[in-house]
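Coordinates in review
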Amino acid sequence: MSTSTPPSPDRIVDIAIGYMGAKQLFAARRIGLFQALADGERSAPEIADATGVTPRMARILADAMSALGLLTRANGRYGLGPEAAAYLTGEGSELDLGPFLTFLNEISYGHWLQFDQTVDTTAPGDLGMNEERWGTFMSGVMTYNALHARMLGAAFDFSGYANLLDLGGLSSGFALEALRANPGLRATFVYDPSFTGAVAEQVKQAGFADRAVVTGEPTPTARPEGSFDLVMVNHVVHRFDAGQNEQILRNARAAAAPGATLLLLDFFLDEDERQRPIDALHAGEYLVIDGTVVYEESQVRGWLEQAGWRPVDRLALPGSPRVLVAEAAGKE
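Report follows, based on the coordinates.

**Overview of the overall build of the protein**
- A count of helices and strands for the protein gives 14 helices and 10 strands.
- By the compact-globule yardstick of 20 Å for 332 residues, the protein fits well, its C-alpha radius of gyration being 22 Å.
- Counting over 332 residues, the protein shows a buried share of 45%.
- Element-wise, carbon and sulfur atoms account for 53% of the exposed surface of the protein, whose accessible area totals about 16,500 Å².
- Of the side chains in the protein, 26 bear a positive and 42 a negative charge, and the two mean positions are spaced by 3 Å.

**Some points on the packing of aromatic side chains**
- Inspection of the entire model under this criterion finds 10 aromatic pairs.
- Plain terms: the ring middles of Trp 134 and Phe 137 are 5.2 Å apart, the flat faces sit at 65° to each other, and that makes the pair edge-to-face. Of this pair, Trp 134 and Phe 137 are both found in helix H9 (residues 131–155), three residues apart, which corresponds to roughly one turn of the helix.
- Take Trp 134: its relative accessible area is 41%, and that puts it in the partly exposed class.

**Digging into the pattern of salt bridges**
- Under the defined criterion, the tally for this structure stands at 12 salt bridges.
- Salt bridges sharing common partners tie together Asp 270, Arg 276, Asp 279 and Arg 322.

**Examining the layout of surface pockets**
- As a volume, the second largest pocket reaches approximately 240 Å³.
- Around the second largest pocket, the lining residues are Leu 95, Met 142, Ala 146, Ala 149, Arg 150, Ser 171, Ser 172, Gly 173, Leu 176, Glu 177, Arg 180 and Gln 202.
- Among the residues making up the lining of the second largest pocket, the classes are represented as five nonpolar, four polar and three charged.

**Considering the nonpolar core**
- In terms of nonpolar packing, the biggest core is built from 65 residues, with Leu 33, Phe 34, Leu 152 and Leu 263 touching the most fellow members.
- No other element matches H9, which puts six residues into this core.
- If we ignore the near neighbours within four places in the chain, the residues touching Leu 263 are Leu 152, Phe 156, Phe 158, Leu 230, Val 231, Met 232, Val 233, Asn 234, Val 323, Leu 324 and Val 325.
- Ala 260, Leu 262, Val 300 and Leu 304 belong to the second largest nonpolar core, which has 28 residues in total.

**Focus: the sheet that holds strand E1 (residues 42–43)**
- Taken together, three strands build an open sheet; the order of strands is E1-E3-E2 and the sheet is antiparallel. Each end of this open sheet is capped by a strand with a single partner; those strands are E1 and strand E2 (71–74).
- Bridging between E1 and strand E3 (residues 77–80) involves two bridges; their strand directions are antiparallel. From the neighbouring strand, Arg 42 faces E3, where its bridge partner is Tyr 78.

Rules behind the numbers
Residues numbered from 1 in each chain as written. Predicted model: local features only at pLDDT ≥ 70, side-chain atom pairs only at ≥ 80, totals over all residues. Heavy atoms only, no water. Helix = DSSP H or I, 4+ residues; strand = E, 2+ residues; numbered from the N terminus. Rg over C-alpha atoms; globule rule 2.2 N^0.38 Å. Buried < 20%, exposed > 50% of the residue type's maximum accessible area, 1.4 Å probe, protein only. Areas by Shrake-Rupley, 256 points an atom, 1.4 Å probe, with all protein chains shown as cover. Lys, Arg positive; Asp, Glu negative; His and termini not counted. Charge placed at Lys NZ, Arg CZ, Asp CG, Glu CD. Phe/Tyr/Trp six-rings, centres within 6.5 Å; stacked < 30°, edge-to-face > 60°. Salt bridge = Lys/Arg side-chain N within 4 Å of Asp/Glu carboxyl O. 1 Å grid on protein atoms, 1.4 Å probe; cavity = no way out; pocket = protein on both sides within 12 Å on 5 of 7 lines; lining within 4 Å. Points joined across faces, edges and corners; volume = space filled by probe spheres on them. Nonpolar A, V, L, I, M, F, W, Y, C, P; charged D, E, K, R; others polar. Core = buried A, V, L, I, M, F, W, Y, C linked by side-chain atoms within 4.5 Å. Contact = heavy atoms within 4.5 Å. Pairing = 2+ DSSP bridges.

The structure is reproduced here in structure tokens:
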């Protein structure tokens, strides 16, 4: 008779019921549970009074958020954990992730209900977008990009650079973080023409209009002019095919000064012993949402080398994509 202990099913069960925690997180944020705790601990009945839900519902949501580590619980009273205080208390947050959670709840979650069809066809689902849903989509995506930009700003030293090229991105936040970190830095944004008006306004609102230039060119064919010692290509490669991506990186290399640094930010499928979960999960998200691609890191490194960049490092950003760091190799 075997006396060995069988493997625990906890991992399987935790994954299988993960959607329950996600939906309760979305609901807790929507009713203002975290904001209700911004000024101090409260009991479930007090949370109910502050949020307008029943005491039973307040207890369910507060217990779930406590179980998931976002709230503390002691003597029947609930308080904010550090992550909730930093990202879930609305205007009082260091960065309010509320619009991102709204996007996940109202756009992404419904799309995942179509995932079985995507698995069988390798085709995206039907977004069924209208003007209101596009607003939710873009607000959520830009909020998530703001988190990525902040994490990059904490992970990379922008000092010592003089001229930054931000090529083909969707969000000005990355370059704005660099400009904040380095008062001597100047930035050139080369974005799709449909984004330039918004980017110029964001640069102005941030107080960097005198240190930035915004121009419009389609990303696959953009040929920036200048000699930049720092180049950013953020959230670009998943939106284009292999040939387009290699050309984008060649064009970026042509505008780079000798020894320039490239920051290439996106989700990647790796060949490590254990794949980083956030990248693998986004491979499914990108496919089911709109058919875009999370590429294999080895393939992206091949594009870099073919385009005249030498990969030198990889940065894993908390709750965000990774960054391949490369240096400008000798001109071809």
